Amino acid sequence: MADDLDDLLDEVEKSLEKKDAPPPPPKLTAKSTSASKGTSDKIDDLNDLLSIDVDDDDVRRLKNSATSRNPTSATSLNDSTTTSKKCSVVVLAGTGTETGMASAATIRACDRLRCISCDFDVVAFGGFAWIAGTDYLFLRNHMPDRRHLQKRLEASRSSRAYACQCQHRSVSAVSTVTASNVQWVCCGH
């Protein structure tokens, strides 16, 4: 009786092992028994390809090799980022300074700023400065609605008021972004 019980337990274990194992990949078969040898070779090749394990590193290598062989495909994917020019020095300035792209030869106040902290575009109001009561919560609630933001601005002929969703500055003289202690970058002209 003990032998019968052991045999029964062995059968149960084998059936459980078969259930836990992943099913083998389906094999492609020729529809007709009179298929040519070329068709069966192709089916074998497809079965071999289906059984290959591919990881993310292999996919990245294939993509990189494809773009290095065809450089036009890489630029067409990111046209907006590869063709835009950026300010060489990102400058904030009052109304006495032109706006546009700054280069080494010309100093201009960048008018295409974006905050890397809150990921919002920076708005600028020429001829205005922020009043003392302007705070983070006001900017957070009213950005980017210019109509609501103007409620906290006062007229100042030589100043330019800059703001994103998390910080604001009133500038009347030329200064760089790093000197103004803000996390704004030029997003391209």
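By convention here, each chain's residues receive numbers from 1 onward along its written sequence. Under the rules for a predicted model, residues below a pLDDT of 70 receive no local features and side-chain atom pairs below 80 are neither given nor counted, while totals for whole chains, interfaces and linings still include all residues. Calculated side-chain values reflect all of the structure's heavy atoms, with hydrogen atoms and water omitted.

Visitor: Sorry, what's going on with the sheet that holds strand β3 (residues 123-130) here?
Guide: Reading across the sheet, the 3 strands line up as β3-β4-β5 and stay open at both edges, with antiparallel pairing between neighbours. Looking at which strands have only one partner, the edges of the open sheet turn out to be β3 and β5 (168-171). Sheet twist, expressed as the mean angle between neighbouring strand axes with direction ignored, is 35°. The pairing criterion is simple: DSSP has to find at least two bridges between the two strands. Think of it this way: any DSSP run of H or I at least four residues long counts as a helix, any run of E at least two long counts as a strand, and we number them from the N terminus. All axes here are fitted lines through C-alpha atoms, helices being fitted over the stretch that makes contact, and every angle between N-to-C directions spans 0 to 180 degrees.

Visitor: What is the right way to look at the side chain of Thr134 in this model?
Guide: Checked against the element boundaries, Thr134 lands in the loop between β3 and α6 (136-142). On the accessibility criterion, Thr134 (7% relative accessible area) is buried. Dropping the residues within four chain positions of it, Thr134 is found in contact with Leu139, Arg152 and His168. When a residue's accessible area, from a 1.4 Å probe over protein chains only, is under 20% of the maximum for its type it is buried; when over 50% it is exposed; and in between it is partly exposed. When checking whether two residues touch, look at their non-hydrogen atoms; a contact exists if any pair is within 4.5 Å.

Visitor: Looking at this structure, I do not really get the nonpolar core. What am I missing?
Guide: Note on soluble globular proteins: their nonpolar side chains tend to be buried together. For our purposes a nonpolar core is just a set of buried Ala, Val, Leu, Ile, Met, Phe, Trp, Tyr and Cys residues, chained together by side-chain atoms within 4.5 Å. In terms of nonpolar packing, the biggest core is built from 19 residues, with Val90, Leu92, Leu113, Tyr162 and Trp184 touching the most fellow members. Breaking this core down by element, the ones donating at least two residues are β1 (91-92), β2 (113-115) and β7 (184-186). Each residue touching Val90, except ones within four places of it in the same chain, is listed here: Cys110, Leu113, Ser175, Thr176, Val177 and Cys186. Grouped together as the second largest cluster of nonpolar side chains are 10 residues, Val123, Met143, Leu149 and Leu153 included.

Visitor: Would you mind going over the pattern of salt bridges with me for this structure?
Guide: Pairs may arise between side chains of opposite charge once their charged atoms sit close together. A pair is scored as a salt bridge if a Lys or Arg side-chain nitrogen falls within 4 Å of a carboxyl oxygen belonging to Asp or Glu. Under the definition given, this model contains 4 salt bridges. For Asp119, the salt bridge goes to Arg114, with nearest N and O atoms at 3.1 Å. With a shortest N-O distance of 3.9 Å, Asp145 and Arg147 are connected by a salt bridge. Assessed through its relative accessible area of 30%, Asp145 is described here as partly exposed.

Visitor: What am I meant to see in the pairing of strand β4 (residues 153-163) here?
Guide: Residues in a regular strand point their side chains to alternate faces of the sheet. Examined bridge by bridge, β3 and β4 share 7 bridges and lie antiparallel to one another. Residue pairing across strands places Phe125 opposite Ala161, the latter belonging to β4. Taken together, the 4 bridges between β4 and β5 define a ladder with antiparallel strand orientation. Residue Tyr162 lies in a different strand from β5, and its bridge partner there is Arg169. Hairpin geometry of β4 and β5 is characterised by an intervening segment of 4 residues between the two adjacent antiparallel strands.

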